[in-house]
Number of protein chains: 4
Amino acid sequence: MTKVSTAHIQVRYAETDKMGVAHHASYLLWFELARTGLLREAGHAYREMESGGALLPVVEYNCRLYRGAEYDDSLRVETRLVEVRSRALTFEYKVRRGDELLAEGWTRHLCVDDDNRTRRVPDAVLRAISAYKTTPEADA
Amino acid sequence: MTKVSTAHIQVRYAETDKMGVAHHASYLLWFELARTGLLREAGHAYREMESGGALLPVVEYNCRLYRGAEYDDSLRVETRLVEVRSRALTFEYKVRRGDELLAEGWTRHLCVDDDNRTRRVPDAVLRAISAYKTTPEADA
Amino acid sequence: MTKVSTAHIQVRYAETDKMGVAHHASYLLWFELARTGLLREAGHAYREMESGGALLPVVEYNCRLYRGAEYDDSLRVETRLVEVRSRALTFEYKVRRGDELLAEGWTRHLCVDDDNRTRRVPDAVLRAISAYKTTPEADA
Amino acid sequence: MTKVSTAHIQVRYAETDKMGVAHHASYLLWFELARTGLLREAGHAYREMESGGALLPVVEYNCRLYRGAEYDDSLRVETRLVEVRSRALTFEYKVRRGDELLAEGWTRHLCVDDDNRTRRVPDAVLRAISAYKTTPEADA
């Protein structure tokens, strides 16, 4: 069974724009929080990965927005992994407000060292996060 | 011949993160500047479109990052349209530093009115921006 | 005895800059969270104040930074009121990491209506928040 | 005669919030642009100062807001220095839209080295920026 990591977000005033809802770039910041939440939950705080020389810069991202998130709304971001490779990871996110799906997206990351050279994701991390790996079929 | 709108960006200190390069969400803000630059160039400032009741919220976005942009770098964002429909537009962006392509992406927008109901893009806007419409083949 | 409202903050990656610590503007966003936390705790969510026609725009702010806050640090923001008047409020903030005082600051707000005209802070709000009012002497 | 450095800003959509005007934290980002503009104009790009081991972290800031800045507004930020010491600088900013003064503020900076130890501002920088030094009286 695939594990899912859930982050809880409260929409900040500064994250809204003059349309009255959260600016579309805010979702990337929430994805970032959700992703580091998953890593922490798996026992590998991103902070420690970085200081250990394994960085995970974003190399591609995508987001679809279905409904606006308003100031002070309480949101859940559910995070899974859809790709777990030795040098690349893809996280997938669903942003919900109660029963409503507000947005979904994904971010793809390469693992690099301090000199920005591609390297393997540490084995302990790979093992720990594999429990969150899903398949497109399973995630209906 | 397809027109291209070019925006000039200087990377802000606040846009960098502890990796030392611009945070991946910054590209969305630059896309936003570039898109409103294209509309202004076409004679239809987004500010006036909004006050006239034609808003263009982002409904999907995508970005691929090839190389980091550093603080104070001078960047060009080249913007074209890859979809021009009566109720939906897709803008495409290429972020360059001199000869290097740092990133590329696109944003898809629906046209809505003040009550968030889908409406037609004003005809004058459609005509004006059609000069920036490209095809995947032409944009090699 | 003066009540103090405490907000818990975890430093976001996007809030850091290339100096490796949180950008100085991030403190204003944390102050904003802390201030709305105090209002909620006092029974008057800012969201409801706004929809009731009582807005609290910032008219002045100040912040002194003593030590940098790092990515993923757990911070506490302690919030009090140093001025409670019928049309103006001043909140004061102390940002702590464990025993260390990282920064302190204040924000001054006018109460305005939907048309941006000065108005009285609703009486119920004034009463509720007066418990958080301190004096410079008491707050040593 | 005191020199003044002028930066030109166009308010970004993402800088607005649901009140419909620029979020109060945006002014700090504009101050940052204006300050680096002054340094560049004086012949000492901040980028080069940093790579030369002279950093200028903000240790205190203040801002008073008189009128809201709207999306797409063209603003001027006029920057002077009100304190030029061997290890500390204070910049002062006035944000104008045409004839209107929208906001004013200041930021105080210490000069530190790569290890965050206080150091002297490089002499060449001190000499170059002294032309922008004003006095409270002169700046009426």
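Shown above is the structure to which this text applies.
Residues numbered from 1 in each chain as written. Chains lettered and ligands numbered in written order. Predicted model: local features only at pLDDT ≥ 70, side-chain atom pairs only at ≥ 80, totals over all residues. Heavy atoms only, no water.

The next point concerns the overall build of chain A. Secondary structure assignment for chain A yields three helices and five strands. Counting from the amino terminus, chain A carries its helices and strands in the arrangement β-α-α-β-β-β-β-α. Taken along its principal axes, the extent of the C-alpha atoms in chain A is 45 × 35 × 25 Å. Considering chain A as a whole, with its 140 residues, one finds that 56% of them fall into the buried category. Of all intrachain contacts in chain A linking residues separated by at least 6 positions in sequence, the fraction that spans at least 24 positions is 66%. (Helix = DSSP H or I, 4+ residues; strand = E, 2+ residues; numbered from the N terminus. Buried < 20%, exposed > 50% of the residue type's maximum accessible area, 1.4 Å probe, protein only. Contact = heavy atoms within 4.5 Å.)

Each side of the interface is counted separately: chain A has 24 residues, and chain B has 24 residues. When the buried area of chain A at its contact with chain B is split by residue, Met19(A), His24(A) and Tyr61(A) rank highest and sum to 33% of it. At the junction of chain A and chain B, the tally comes to two salt bridges. Its salt-bridge partner being Glu50(B), residue Lys18(A) comes within 2.6 Å of it at the nearest N-O pair. Where chain A touches chain B, the interface holds 14 residue pairs in polar contact (both at pLDDT 80 or more). Elements with a minimum of two residues in the side of chain A that touches chain B: α1 (26–41), α2 (46–51) and β2 (58–65) of chain A. Counting residues per element, the side of chain A that touches chain B draws most heavily on β2(A), which supplies eight residues. Considering only residue class, the side of chain A that touches chain B consists of 15 nonpolar, three polar and six charged. (Buried area = accessible area lost by both parts, 1.4 Å probe. Salt bridge = Lys/Arg side-chain N within 4 Å of Asp/Glu carboxyl O. Polar contact = N/O pair within 3.5 Å; in protein donor to acceptor, adjacent residues only side chain to side chain. Nonpolar A, V, L, I, M, F, W, Y, C, P; charged D, E, K, R; others polar.)

Here the focus is empty space enclosed by the protein. Picture a little ball the size of a water molecule; that probe, rolled over the atoms, points out where space is still empty. Inspection of every chain in the model, using the stated rule, returns one cavity of 30 Å³ or more. Its volume calculated, the largest cavity comes out at about 830 Å³. The wall of the largest cavity is formed by 31 residues, among which Ala14(A), Leu29(A), Leu29(B), Leu29(C) and Leu29(D) lie closest to the centre. Within the residue set of the lining of the largest cavity, elements represented by two or more residues are α1 of chain A, α1 (26–41) of chain B, α1 (26–41) of chain C together with α1 (26–41) of chain D. (1 Å grid on protein atoms, 1.4 Å probe; cavity = no way out; pocket = protein on both sides within 12 Å on 5 of 7 lines; lining within 4 Å. Points joined across faces, edges and corners; volume = space filled by probe spheres on them.)

Moving on to the relation of the copies chain C and chain D. For the pair chain C and chain D, the relating rotation is 180 degrees, the translation along its axis is 0.0 Å, and the fit reaches an RMSD of 0.0 Å. The relationship between the two copies is best expressed as a two-fold rotation axis. Relative to the rotation axis, the C-alpha of Asn62(C) is the closest in chain C, positioned 2.2 Å from it. Mapped onto chain D, 100% of the interface residues of chain C again fall at the interface, so both copies present the same surface. (Least-squares fit on C-alpha atoms with pLDDT ≥ 70 in both.)

With that out of the way, let us pick up the sheet that holds strand β1 (residues 5–10) of chain A. The strand order across the open sheet built from 10 strands is β1(A)-β3(A)-β4(A)-β5(A)-β2(A)-β2(B)-β5(B)-β4(B)-β3(B)-β1(B), with neighbouring strands paired in antiparallel fashion. Of all the strands in the sheet, the pair left with one neighbour each is β1 of chain A together with β1 (5–10) of chain B. Across the sheet, the mean angle from the axis of one strand to that of its neighbour is 20 degrees, orientation sign disregarded. Together, β2 of chain A together with β1, β2 (58–65), β3 (74–84), β4 (88–97) and β5 (100–110) of chain B form the strand contacts of α1(B), whose direction differs from that of β1(B) by roughly 140 degrees. (Pairing = 2+ DSSP bridges. Axes fitted to C-alpha atoms, helices over the stretch in contact; angles between N-to-C directions.)

What follows is about the packing of aromatic side chains. Residue and element names in this part refer to chain A. Summed over the entire model, instances satisfying the criterion amount to 22 aromatic pairs over all chains. Summarising the aromatic geometry, the rings of tyrosine 13 and tyrosine 71 are spaced 4.9 Å apart at their centres and angled 75 degrees between planes, so their arrangement reads as edge-to-face. Taken as a pair, tyrosine 13 in the loop between β1 and α1 and tyrosine 71 in the loop between β2 and β3 (74–84) lie far apart in primary sequence, 58 residues in all. Judged by its relative accessible area of 5%, tyrosine 13 is buried. (Phe/Tyr/Trp six-rings, centres within 6.5 Å; stacked < 30°, edge-to-face > 60°.)

A word on the interface of chain C and chain D. Between chain C and chain D, the residue contacts involve 24 residues of the former and 24 residues of the latter. Roughly 2000 Å² of surface becomes buried between chain C and chain D when both sides are summed, with 56% attributable to carbon and sulfur atoms. If you sort the residues of chain C by the area they bury against chain D, Met19(C), His24(C) and Tyr61(C) come out on top, with a joint share of 33%. Our count for the chain C to chain D interface comes out at 14 residue pairs in polar contact (both at pLDDT 80 or more). Of all the elements in the fold, those that place two or more residues in the side of chain C that touches chain D are α1, α2 (46–51) and β2 (58–65) of chain C. Ranked by the residues each element gives to the side of chain C that touches chain D, the list is headed by β2(C), at eight residues. Across the side of chain C that touches chain D, the residue classes break down as 15 nonpolar, three polar and six charged. Taken together, the five bridges between β2(C) and strand β2 (residues 58–65) of chain D define a ladder with antiparallel strand orientation. Residue pairing in the sheet places Asn62(C) in a bridge with Asn62(D) of β2(D).

Before going further, it helps to spend a moment on the state of the cysteines. All chains considered together, the criterion is met by zero disulfides over all chains. Cysteine Cys63(D) is unpaired, with the sulfur of Cys63(C) as its nearest cysteine sulfur at 13 Å. (Disulfide = S-S within 2.5 Å.)

All names here are of chain C. The terminal C-alpha atoms of α1, which comprises 16 residues, lie 23 Å apart, in line with the 22 Å expected from a rise of 1.5 Å per residue. Within the sequence span of α1, burial applies to Ser26, Tyr27, Leu28, Trp30, Phe31, Glu32, Ala34, Arg35, Thr36, Leu38 and Leu39. At the C-terminal side of α1, glycine 43 shows a positive phi close to 95 degrees. (Expected span 1.5 Å × (residues − 1).)

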